[in-house]
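For reference, the chains in residue letters:
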Amino acid sequence: MPTTIVCDESGYEGEKLVGGVTDVFAHASIRLDEETAAACVAELRDRIKSPATMYKANHLLRAKHRATLLWFLGPNGPLPGNASVFVIDKTHFLITALVDYLGARPATIPFLYDAYRRTGEARAFLDAANDYLRAHETAVLPRLDPLLPAIIRAAEYWSDGTPVHIAHDRQTTLSPARITALRQASPAIAAIDQLDSFVDHRVQIADFLAGITYRIASGYLNGAGDPEVTAALAPYVDPQSLWITPWLSAVASA
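Just so you know, these numbers come straight off a predicted model, no measurement behind them. For every chain, the first residue of the written sequence is number 1, and numbering continues from 1 onward in sequence order. Owing to the predicted nature of the model, reporting of local features is limited to residues with pLDDT of at least 70; listing and counting of side-chain atom pairs is limited to 80 or more, with chain, interface and lining totals taken over all residues. The basis for every side-chain value is the complete set of heavy atoms in the structure, and neither hydrogens nor water enter the calculation.

1. Brief notes about the pairing of strand 3 (residues 83-89)
Turning to step 1, where the next piece is worked out: Burial of strand 3 is extensive: 7 of the 7 residues sit out of reach of the surface.
Turning to step 2, where the next piece is worked out: Going residue by residue along strand 3, you find Ala-83, Val-85, Val-87 and Asp-89 tucked away on one face and Ser-84, Phe-86 and Ile-88 tucked away on the opposite face as well. Categorising residues by exposure relies on relative accessible area from a 1.4 Å probe, with only protein chains included: less than 20% of the type maximum marks a residue as buried, more than 50% marks it as exposed, and the intermediate range marks it as partly exposed. Strands here mean DSSP runs of E at least two residues long; helices mean DSSP runs of H or I at least four residues long; both are numbered from the N terminus.

2. As for the sheet that holds strand 5 (residues 189-195)
Turning to step 1, where the next piece is worked out: Pairing between strands is defined by DSSP: at least two bridges between them are needed. An order of 3-2-1-4-5 is seen for the 5 strands of this open sheet, with the pairing classed as mixed. Looking at strand neighbours, the two that pair on one side only are strand 3 and strand 5, the edges of this open sheet. Ignoring strand direction, the axes of neighbouring strands in this sheet form an average angle of 25°.
Turning to step 2, where the next piece is worked out: Note: strand 2 (residues 24-30) against strand 3, 7 bridges, orientation antiparallel. Within strand 3, the residue paired with Ala-28 across the bridge is Val-85. To get an axis, fit a line to the C-alpha atoms, keeping to the stretch in contact for a helix; angles then go from 0 to 180 degrees between the N-to-C directions.

3. Some remarks on the packing of helix 3 (residues 66-73) against helix 9 (residues 201-221)
Turning to step 1, where the next piece is worked out: Two elements in contact, helix 3 and helix 9, have axes separated by 12 Å at closest approach and are oriented at 110°. In this view, helix 3 runs roughly perpendicular relative to helix 9, as classed from their interaxial angle. Between helix 3 and helix 9 lies a crossing whose hand is left-handed. Touching Leu-69, Phe-72 and Leu-73 of helix 3 are Ile-205, Phe-208, Leu-209 and Ile-212, all from helix 9.
Turning to step 2, where the next piece is worked out: Considering only residue class, the contact of helix 3 with helix 9 consists of 7 nonpolar, no polar and no charged. Angle categories are assigned with fixed cut-offs, so that under 35 degrees is roughly parallel, over 145 is roughly antiparallel, 65 to 115 is roughly perpendicular, and the rest are oblique. By convention, the crossing between two helices is left-handed when the near helix turns anticlockwise from the far helix through less than a right angle, and right-handed when the turn is clockwise. In what follows, a contact means two residues having at least one pair of non-hydrogen atoms within 4.5 Å. In the scheme used here, Gly and all other residues not listed as nonpolar or charged are polar, with Ala, Val, Leu, Ile, Met, Phe, Trp, Tyr, Cys and Pro taken as nonpolar and Asp, Glu, Lys and Arg as charged.

4. A closer look at the nonpolar core
Turning to step 1, where the next piece is worked out: The term nonpolar core refers to a set of buried residues drawn from Ala, Val, Leu, Ile, Met, Phe, Trp, Tyr and Cys, joined through side-chain atoms within 4.5 Å. Ranked by size, the top nonpolar core spans 84 residues in total, and within it Phe-72, Leu-73, Ile-166, Ile-205, Ile-212 and Trp-247 carry the most contacts.
Turning to step 2, where the next piece is worked out: A per-element tally of this core places helix 9 first, with 11 residues.
Turning to step 3, where the next piece is worked out: Other than its neighbours up to four places away in sequence, Ile-166 contacts Ile-5, Cys-7, Ile-151, Ala-155, Ile-189, Ala-191, Ile-192 and Asp-193.

5. Here we look at the state of the cysteines
Turning to step 1, where the next piece is worked out: Our working definition of a disulfide is a cysteine sulfur pair at a distance within 2.5 Å. The full count for this structure, using the stated rule, is 0 disulfides.
Turning to step 2, where the next piece is worked out: We note that Cys-7 lacks a disulfide partner, and the nearest cysteine sulfur, in Cys-40, lies 17 Å from it.
Turning to step 3, where the next piece is worked out: Note on Cys-7: relative accessible area 0%, which makes it buried.
Turning to step 4, where the next piece is worked out: Given a relative accessible area of 4%, Cys-40 falls into the buried group.

6. What to know about helix 4 (residues 90-102)
Turning to step 1, where the next piece is worked out: Multiplying 1.5 Å by the residue count of a helix minus one yields the expected span of that helix. Taking 1.5 Å of rise per residue, the 13 residues of helix 4 would be expected to cover 18 Å, and the 18 Å separating its terminal C-alpha atoms lies within 8% of that figure.
Turning to step 2, where the next piece is worked out: Restricting attention to buried positions, one finds in helix 4 the residues Lys-90, Thr-91, His-92, Phe-93, Leu-94, Ile-95, Ala-97, Leu-98 and Val-99.
Turning to step 3, where the next piece is worked out: The inward-facing, buried residues of helix 4 contact strand 2, strand 3, helix 5 (108-118), helix 6 (120-136) and helix 7 (147-158).
Turning to step 4, where the next piece is worked out: Sitting at the head of helix 4, Asp-89 places a side-chain oxygen 3.1 Å from the backbone nitrogen of Thr-91.
Turning to step 5, where the next piece is worked out: At the exit of helix 4 stands Gly-103, carrying a positive phi of roughly 70°. Polar contacts, as used here, are pairs of N or O atoms within 3.5 Å; protein pairs need one atom able to donate a hydrogen and one able to accept it. Residues neighboring in sequence count only if both atoms are side-chain atoms.

7. Section: the side chain of Ser-29
Turning to step 1, where the next piece is worked out: Structurally, Ser-29 is set in strand 2.
Turning to step 2, where the next piece is worked out: The residues contacting Ser-29, other than those within four sequence positions of it, are Ile-5, Val-6, Cys-7, Asn-82, Ala-83, Ser-84, Ala-154 and Trp-158.

8. A few points about the pairing of strand 5
Turning to step 1, where the next piece is worked out: Across 6 bridges, strand 4 (residues 164-169) lies against strand 5 in parallel orientation. Along strand 5, the bridge assignment pairs Val-164 with Ile-189.
Turning to step 2, where the next piece is worked out: When the strands point away from the viewer and the connection leading from the first strand across the helix to the second strand turns clockwise, the crossover is called right-handed. Read from strand 4 through helix 8 (residues 176-185) to strand 5, the crossover connection turns out right-handed.

Shown next as structure tokens:
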């Protein structure tokens, strides 16, 4: 039987990488059975005591639930050895795709990224570049969609030499044609199914991890770092995440 991993994401806006609502994409994958995940959700409900029908990462990120957040990420929570999160700085991802499309030198990437962070003119340029690349992308696996490399990386991360079975929160992006193309692109993928987060506790756990990572990484980009939670996330952040600023170094040294 292939290993089954369950995945969810946060910060996803399809191929819109700049000028949207989010600046970070986080894709979490977990290796938990449904019973363990359900017990974790029950524990979170007992600790947080919110009447919400379905919990999201923002429940854990509230200041009054700090201890619960650190428990969830910590050594006594459900995640050690059973979770990974792949993080993408969406601006860096777009610039890399643009440089590749133009056949420019790789040294152009940090130059454009720094210009984007500092000047409005560069932001307008990248917004136009994003629209141009989206309009000219015809491949089944478009280079601008961060979900697709994240799924491939999740399979590679968890594979022990045999393909893994991916169960993903429902995404309209994951059409049958795209799932077929993903399987053809990565021998680490045995199959991809889609689940409903309202009925599967494993998806909810993946959603928590993705949402927490998104918030902490985005906060760092915007001058609001959280060293304590960054350190707690360190065991789960995939070192192959697509990042250019020092946050990933801070995670690695935590």
